[in-house]
Amino acid sequence: CTLSYEEAIKDSEIILHVTPSKFVRETIKKYKDYVTNQPIIMCAKGFEAETLCTLSQIIEQEMPNSKYGIFSGPSHAEEVSVGIPTAIVIASKDEGVRNLVQETFMNEKMRVYTSDDVIGVELGGALKNIIAFGAGMCDGLGYGDNAKAALMTRGITEMGRLGVAMGAHVTTFTGLSGIGDLIVTCTSMHSRNRRAGILMGEGKSLEETLKEVDMVVEGIVATEVAYKVGKKLNIDLPITNAIYSVLYENAKPEETVRALMTRSKKNEMEEVVNNGFVHN
């Protein structure tokens, strides 16, 4: 362990960036002058609220000539750290980066897949936090398994809809960084986003919730960013919009659920086809 960026980076082969998303840009600014040819592997999952940037966009802005990758998937640290089997995906535009990370980290306890869909992998990791927050609210309201299963299923459709509009491959959301990370974050008590949602579903305020969780809840910022991007791109995001109304407009969780349940009638398969999950 060291407090020196220069000492940490010197003679390294890979740089793992693990700060919360709101500190990504300022941290890169502090260490970028010490980087030579090492790839930057982003392990955070989120957005920059002020600019609506993804984390890969921040890397490209601050270090335009660097090689980088996005490491994502269902990987709660509490389990990885004690050797519980985990599968994860490394996404990069650079094949050499993908192969290096896969070769370095893959073993009998960690299975590493590769992808070239950088935006899709990082959006899966960021957007699932919104749905997990909603799943927590379902638990806090006492709605049971049916409601949460419906929320998760419609949530992955919503993630794919926004992801495709932002340039991702829709099939990425059926993989580890999409459905995989969504399942683990919506169902595990290791999830800060789900725990925060539970507290708000039980009637606590956002301020009380953040104080009790006492850790970064990425889904709160992700909700704000996805809401704004959805409006900008004219994308229909009913679940995101409902959670936004609870977090930022003081809406009651029960009222938002009622509004979601009474939306206009839809044909499920038409929506799936239109979102690109399958093709006519």
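Scoring rules and cut-offs
- Residues numbered from 1 in each chain as written.
- Predicted model: local features only at pLDDT ≥ 70, side-chain atom pairs only at ≥ 80, totals over all residues.
- Heavy atoms only, no water.
- Helix = DSSP H or I, 4+ residues; strand = E, 2+ residues; numbered from the N terminus.
- Buried < 20%, exposed > 50% of the residue type's maximum accessible area, 1.4 Å probe, protein only.
- Lys, Arg positive; Asp, Glu negative; His and termini not counted.
- Salt bridge = Lys/Arg side-chain N within 4 Å of Asp/Glu carboxyl O.
- Contact = heavy atoms within 4.5 Å.
- 1 Å grid on protein atoms, 1.4 Å probe; cavity = no way out; pocket = protein on both sides within 12 Å on 5 of 7 lines; lining within 4 Å.
- Points joined across faces, edges and corners; volume = space filled by probe spheres on them.
- Nonpolar A, V, L, I, M, F, W, Y, C, P; charged D, E, K, R; others polar.
- Polar contact = N/O pair within 3.5 Å; in protein donor to acceptor, adjacent residues only side chain to side chain.
- Axes fitted to C-alpha atoms, helices over the stretch in contact; angles between N-to-C directions.
- Parallel < 35°, antiparallel > 145°, perpendicular 65-115°, else oblique.
- Left-handed = near helix turned anticlockwise from the far one by under 90°.
- Patch = residues over 30% accessible without salt bridge, like charges linked within 9 Å, V, L, I, M, F, W, Y side chains within 5 Å.
- Areas by Shrake-Rupley, 256 points an atom, 1.4 Å probe, with all protein chains shown as cover.
- Charge placed at Lys NZ, Arg CZ, Asp CG, Glu CD.

(A) Layout of the side chain of Glu 122. With respect to the helices and strands, Glu 122 occurs in helix α6 (residues 118–141). Lys 93 provides the closest opposite charge to the buried, unpaired Glu 122, separated from it by 8.1 Å. Excluding residues within four positions of it along the chain, Glu 122 makes contact with Thr 54, Leu 55, Ser 56 and Ile 70.

(B) Representation of the layout of surface pockets. Reported here for the largest pocket is a volume of approximately 850 Å³. In this structure, the largest pocket is lined by 28 residues; those nearest its centre are Cys 43, Lys 45, Ser 75, Ala 77 and Arg 192. Where the lining of the largest pocket is concerned, the elements lending two or more residues are α4 (77–80), α6, α8 (176–187) and α9 (192–201). By volume, the second largest pocket is sized at about 680 Å³. Along the walls of the second largest pocket sit 26 residues, with Ala 150, Arg 154, Ile 239, Leu 260 and Met 261 positioned nearest its centre. Listed by contribution, the elements that provide at least two residues to the lining of the second largest pocket are α6, α7 (144–165), α12 (238–248), α13 (253–261) and α14 (268–275). Of all the elements, α7 adds the most residues to the lining of the second largest pocket, at six residues.

(C) Broad picture of empty space enclosed by the protein. In this structure the tally under the stated criterion is one cavity of 30 Å³ or more. Volume-wise, the largest cavity comes out at about 40 Å³. Together, Leu 127, Ile 130, Ile 131, Gly 155, Glu 158, Met 159, Leu 162 and Thr 240 line the largest cavity. Contributions of two or more residues to the lining of the largest cavity are made by α6 and α7. Taken together, the residues of the lining of the largest cavity sort by class into five nonpolar, two polar and one charged.

(D) Looking closely at the environment of Glu 122. By relative accessible area, Glu 122 is classed as buried at 8%. When the C-alpha atoms of Glu 122 and Phe 47 are compared, they prove to be 9.4 Å apart, with 75 residues separating the residues in sequence. Side-chain polar atoms of Glu 122 contact the backbone nitrogen of Leu 55, separated by 3.4 Å.

(E) The pattern of salt bridges, seen in detail. Going through the model one piece at a time under the given rule, you end up with eleven salt bridges. Salt-bridge contacts for Lys 93 lead to Glu 60; the nearest nitrogen and oxygen are separated by 3.0 Å. Taken together, the residues Lys 93 in the loop between β6 (86–91) and α5 (95–105) and Glu 60 in helix α3 (residues 55–62) connect sequence positions 33 residues apart. Looking at Lys 93, the relative accessible area reads 61%, which means it is exposed. The salt bridge involving Lys 228 is made with Glu 224; its shortest N-O contact spans 3.0 Å.

(F) The packing of α6 against α7, seen in detail. The contact between α6 and α7 brings their axes to 9 Å, and the two run at 155°. Compared by their axis directions, α6 and α7 come out roughly antiparallel. With respect to the hand of their crossing, α6 and α7 are arranged in right-handed fashion. Contacts from Leu 123, Gly 124, Leu 127, Lys 128, Ile 131, Gly 134, Ala 135, Cys 138 and Asp 139 of α6 reach α7 at Gly 144, Ala 147, Lys 148, Leu 151, Met 152, Gly 155, Met 159, Leu 162 and Gly 163.

(G) A negative patch on the surface, seen in detail. Together, Glu 202, Glu 207, Glu 208 and Glu 212 make up a negatively charged patch on the protein surface. Mapped onto the fold, Glu 212 is located in helix α10 (residues 206–213).

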